[in-house]
Amino acid sequence: MTTSTRGTTRVPAVLVLEDGRIFRGRAYGAVGETFGEAVFSTGMTGYQETLTDPSYHRQVVVMTAPHVGNTGVNDEDAESKKIWVSGYVVRDPARVPSSWRSRRSLDEELAAQGVVGISGIDTRALTRHLRERGAMRVGIFSGDAIQEDAALLARVQEAPQMKGADLSAEVATTEPYVVPAIGEKKFTVAAVDLGIKGMTPQRMAERGIEVHVLPATATVEDVYAVNPDGVFFSNGPGDPATADHPVSVMQGVLERGTPLFGICFGNQILGRALGFGTFKLKYGHRGINQPVQDRTTGKVEVTAHNHGFAVDAPLDKVSDTPFGRAEVSHVCLNDNVVEGLRLLDRPAFSVQYHPEAAAGPHDAAYLFDRFVSLMEGQRA
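Reading the values: the criteria
- Residues numbered from 1 in each chain as written.
- Predicted model: local features only at pLDDT ≥ 70, side-chain atom pairs only at ≥ 80, totals over all residues.
- Heavy atoms only, no water.
- Helix = DSSP H or I, 4+ residues; strand = E, 2+ residues; numbered from the N terminus.
- Rg over C-alpha atoms; globule rule 2.2 N^0.38 Å.
- Buried < 20%, exposed > 50% of the residue type's maximum accessible area, 1.4 Å probe, protein only.
- Contact = heavy atoms within 4.5 Å.
- Areas by Shrake-Rupley, 256 points an atom, 1.4 Å probe, with all protein chains shown as cover.
- Lys, Arg positive; Asp, Glu negative; His and termini not counted.
- Charge placed at Lys NZ, Arg CZ, Asp CG, Glu CD.
- UniProt positions renumbered as here; feature names shortened; annotations may be inferred.
- Polar contact = N/O pair within 3.5 Å; in protein donor to acceptor, adjacent residues only side chain to side chain.
- Core = buried A, V, L, I, M, F, W, Y, C linked by side-chain atoms within 4.5 Å.
- Pairing = 2+ DSSP bridges.

1. Details of the overall build of the chain
Here is step 1 of the chain: Scanning the chain from N- to C-terminus turns up ten helices and 21 strands.
Here is step 2 of the chain: Relative to the 2.2 N^0.38 estimate, which gives 21 Å for 380 residues, the radius of gyration of the chain is 21 Å and therefore close to what a compact globule would have.
Here is step 3 of the chain: Seen through its C-alpha atoms, the chain measures out along the principal axes to roughly 65 × 40 × 35 Å.
Here is step 4 of the chain: For the chain, with 380 residues in total, the buried portion stands at 58%.
Here is step 5 of the chain: When contacts within the chain are restricted to residue pairs at least 6 apart in sequence, those whose partners lie at least 24 apart make up 75%.
Here is step 6 of the chain: As displayed, the chain offers around 15,300 Å² of accessible surface, 46% of which is attributable to carbon and sulfur atoms.
Here is step 7 of the chain: Distance from the positive charge centre (38 side chains) to the negative charge centre (46 side chains) of the chain: 4 Å.

The structure is reproduced here in structure tokens:
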């Protein structure tokens, strides 16, 4: 990625998809060029949390909501220390942010962090194209980076694909750190950081859990060095088929019978640890309005998602695995994609979505309570 941060109001920009479709608009954020996987997010709010979610590493996010940037950017809502998206695509950016919490405009924040974006294009047409053709490589070029269309297309087609990408170590912490329990400490959890969002250990801390966040490269010995009551595997970017190390660590946790909870990438890791395969979805689930059914209760939840891969597990039966019986606990009502797994003979479960739900909805917050119940049961 190459960028500059000069004024972008009238700077032309071009978005080029790997299948040759081109959209022309204006620069938004930094001026220059960037490459990634084109995906769309259906959330109407929470763009700051989306931008700072490490799971979006190496992705160019298309916002389906037509007007973006209304509330500006504040200093409290970021999910990590930086913006992780490779590029940003909006239709009508807000001219002036309007929120008492705003400290700067979204355009200014994107420019300051070197994130190349484009505005003024038909994002509805682009979203429909991605729904029909699937997520694909894309490039955004603005200012002096614009060349002839054929040259830009060739560069996009040379960019790496998301399938086969091993990215967790690129976004995870390099040093362990501790998020202390709020109030009385009740449990200790080792959280393997595969791209963790800041709100996730916060949700656990609110329940009296001291969270030891460990690098993606942590070993089974590292996990148990903190004497955990439970082990957590986080969300993160990339292809789960490449995540052999986290799978091995999770199998070590399952062998010891320690209560285990995984979300998003952690759900895919659990699937692999149990012997299931994973596959790439056509265009994935991204946004804060995805309907999921908890099959253990029958309840339907509106949930926050960001995933392009899924677990290939049977929906209609209990499966035998090396760690006992397992079943699909949650399913997406839009397309029947596996959204959760549960072991019946060991204290372990996972979901494919983001129950910490910054910036909402909070239908799935009970899953952290379910994790606490597993640890209480193990202690008893």
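Resuming the write-up.
2. Topic: the UniProt feature "active site" (unreviewed entry) in the chain
Here is step 1 of the chain: Mapped onto the present numbering, the UniProt feature "active site" (unreviewed entry) falls on Cys264, His354 and Glu356. Annotated residues spanning 93 residues; largest pairwise C-alpha distance 11.3 Å, indicating a single compact cluster.
Here is step 2 of the chain: Dropping the residues within four chain positions of it, His354 is found in contact with Asp53, Ser55, Lys197, Asn235, Cys264, Ala304 and Asn306.
Here is step 3 of the chain: Positionally, Glu356 belongs in the loop between β21 (348-351) and α10 (366-379).

3. As for the side chain of Thr52
Here is step 1 of the chain: Mapping Thr52 onto the fold places it in the loop between α1 (47-51) and β5 (59-63).
Here is step 2 of the chain: Among the polar contacts made by the side chain of Thr52, one reaches the main-chain amide nitrogen of Glu79 at a distance of 2.8 Å.
Here is step 3 of the chain: Thr52 has contacts with Ala78, Glu79, Ser80, Lys82, Ile83 and Trp84, leaving out every residue within four places of it along the chain.

4. Description of the environment of Ser248
Here is step 1 of the chain: With respect to the element layout, Ser248 can be found in helix α8 (residues 244-256).
Here is step 2 of the chain: Of the residues examined, Ser248 reaches a relative accessible area of 42% and is grouped as partly exposed.

5. A closer look at the nonpolar core
Generally speaking, nonpolar side chains in soluble globular proteins are found buried as a group.
Here is step 1 of the chain: By size, the foremost hydrophobic cluster in this structure holds 35 residues, and its most contacted members are Val223, Phe233, Met250, Leu254 and Leu274.
Here is step 2 of the chain: With five residues, the top contributor of residues to this core is α8.
Here is step 3 of the chain: Grouped together as the second largest cluster of nonpolar side chains are 23 residues, Ala205, Phe349, Tyr353 and Met375 included.

6. Thoughts on the pairing of β21
Here is step 1 of the chain: Neither face of β21 is left uncovered, since the one carrying Ala348 and Ser350 and the one carrying Phe349 and Val351 both have all their residues buried.
Here is step 2 of the chain: Relative to β21, strand β15 (residues 260-263) is paired through four bridges, and the arrangement is parallel. Within β21, the residue paired with Leu260 across the bridge is Ala348.
Here is step 3 of the chain: Summarising the sheet, strand β20 (residues 338-343) and β21 pair through three bridges and their orientation is antiparallel. Following the sheet pairing, Leu341 is matched in β21 by Ser350.

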